[in-house]
Amino acid sequence: MTRSPATPLPSPDERRRLREEASLTWPQLAERMGVRPETVRAWESGRSAPRGRNREAYAELLAGLAEGAAGAGPRESVSVRRKEEVTAVVTVCPGEPGGDGRPGAVAPEASAFAQAPPPSSAFREARLTPAQAFDALYSFCAPALVRQTYLLTGRRALARESVERAFQLAWDRWPEVARDPDPAGWVRAAAYEWALSPWHRFRRHRQSEPPPPDEDDRALLEVLLRLPPPYRRALLLYDGLGLGLPETAAETEATTRATAGRLAHARETVAARLPELSDPRELRRRLAGLARTGRLRAAEPPVVRGGGERRTRFWTRAAVAFTVALIGATAFTLRTAPTRYEPPVPPGETVRGVPPRVAPGPLSEDRRELRTRLREELPRGPERLVPQAR
């Protein structure tokens, strides 16, 4: 039995371009396909590909969009598409109360804290310098990543530090990150790893972290922080960011079955403490609301790049100084070390059988008489010059 060849699809960047030229959002395209918006997002980022009937329907839909775009006119410039990407990062829902409580204001979706950056090929098409491409990636991802790491740690300072360290590491390895098909996922994984590092528990925090003002948000944050770090991370990626189960398993470096178990356990724990969050959609909305209450702001891109470069220079100079000190110590040791074998001096031992020293005894009669005569004679007498014959 032979398998029919898979229906060819355009590249992920072309899929995204066709959807944007047709003025379709992810939810609108997902409604046409009968799938979740996160699935369409994964197809356009290249993290996954449709199969079976979904692949055929997706190919037909893209072909229709391509024909409509060809009849509408030429392709828009890269700069115009990038401007549209910037405005499409945060989608809004009209008719809901905004953050200021005014009726009629627009509020971000529940997934507003999970911003999606443009693919790395957009940077290459625009022919940006490495610094400009890094700044663009940082501007797209940093605000959302700070809010996400706040949900993982519950500390605002640690959330900002984790994102800055992740982007500094990305700047140090920029050729690798620039060629990665999902640079945002690369930085997100690095930020999560730093935020969930077990060494942070030994650090002293100068100031106590103020809790969220709302009681429901405080309860949700408390439940999240009581979850084990792998469970917390899986819940945020799947229910917060909307990644699929295979993508969540790949980012957490676990099997799909283990990730599903962690996700089920995390949902059960949250539902046991907060029964109103048993619905995943309500949980996603509450996670987004909790992330927005932090009012976190990321540093400017030049500040992050400068900090990373200064840290790299410091550690490079420290490594050079340590190497020079090691070479100097080795040379000094070789210069002062003996060139031949010198046997060690054995420890002293007690010698036995030697007679003790004896003081001189009493003088004899002749010696006493001689001593008396020597004392009585003049120092320069003849007896001193001429010895007596005996």
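Coordinates for the structure precede this section.
All of these numbers come straight from a predicted model, not from anything done at the bench.

Undergrad: Explanation requested: the packing of aromatic side chains in the structure shown.
TA: Centre-to-centre distance and the angle between the planes together describe a pair of aromatic rings. As enumerated under the stated definition, the model contains eight aromatic pairs in all. With centroids separated by 5.2 Å and ring planes inclined at 55°, the aromatic side chains of Phe134 and Trp171 adopt a geometry described as tilted. Residue Phe134 is located in helix H7 (residues 130-153), and its partner Trp171 is located in helix H8 (residues 156-172); the two are separated by 37 residues in the primary sequence. Looking at Phe134, the relative accessible area reads 0%, which means it is buried. Here the aromatic residues Phe134, Tyr138, Phe167, Trp171 and Trp174 are joined through ring pairs into a cluster of three or more. Sitting over the ring of Tyr238, Arg36 keeps its end group 5.8 Å from the ring centre.

Undergrad: Explain the side chain of Asp182 here, please?
TA: Along the chain, the position of Asp182 falls in the loop between helix H9 (174-179) and helix H10 (183-195). Once residues within four sequence positions are removed from consideration, Asp182 is found in contact with Arg47 and Arg188.

Undergrad: Which parts of the structure should I look at to understand empty space enclosed by the protein?
TA: Over the atoms rolls a probe the size of a water molecule, and its path tells where empty space is left. All told, the structure shown has two cavities of 30 Å³ or more when counted by the stated rule. Reported here for the second largest cavity is a volume of approximately 40 Å³. What lines the second largest cavity is Leu151, Leu152, Leu224, Arg232, Leu235, Leu236 and Leu287. Of all elements in the fold, only H7 and helix H12 (229-240) reach the threshold of two or more residues within the lining of the second largest cavity. For the lining of the second largest cavity, the element with the highest residue contribution is H12, accounting for three residues. A per-class count over the lining of the second largest cavity returns six nonpolar, no polar and one charged.

Criteria and cut-off values
Residues numbered from 1 in each chain as written. Predicted model: local features only at pLDDT ≥ 70, side-chain atom pairs only at ≥ 80, totals over all residues. Heavy atoms only, no water. Phe/Tyr/Trp six-rings, centres within 6.5 Å; stacked < 30°, edge-to-face > 60°. Helix = DSSP H or I, 4+ residues; strand = E, 2+ residues; numbered from the N terminus. Buried < 20%, exposed > 50% of the residue type's maximum accessible area, 1.4 Å probe, protein only. Lys NZ or Arg CZ within 6 Å of the ring centre and 35° of its normal. Contact = heavy atoms within 4.5 Å. 1 Å grid on protein atoms, 1.4 Å probe; cavity = no way out; pocket = protein on both sides within 12 Å on 5 of 7 lines; lining within 4 Å. Points joined across faces, edges and corners; volume = space filled by probe spheres on them. Nonpolar A, V, L, I, M, F, W, Y, C, P; charged D, E, K, R; others polar.

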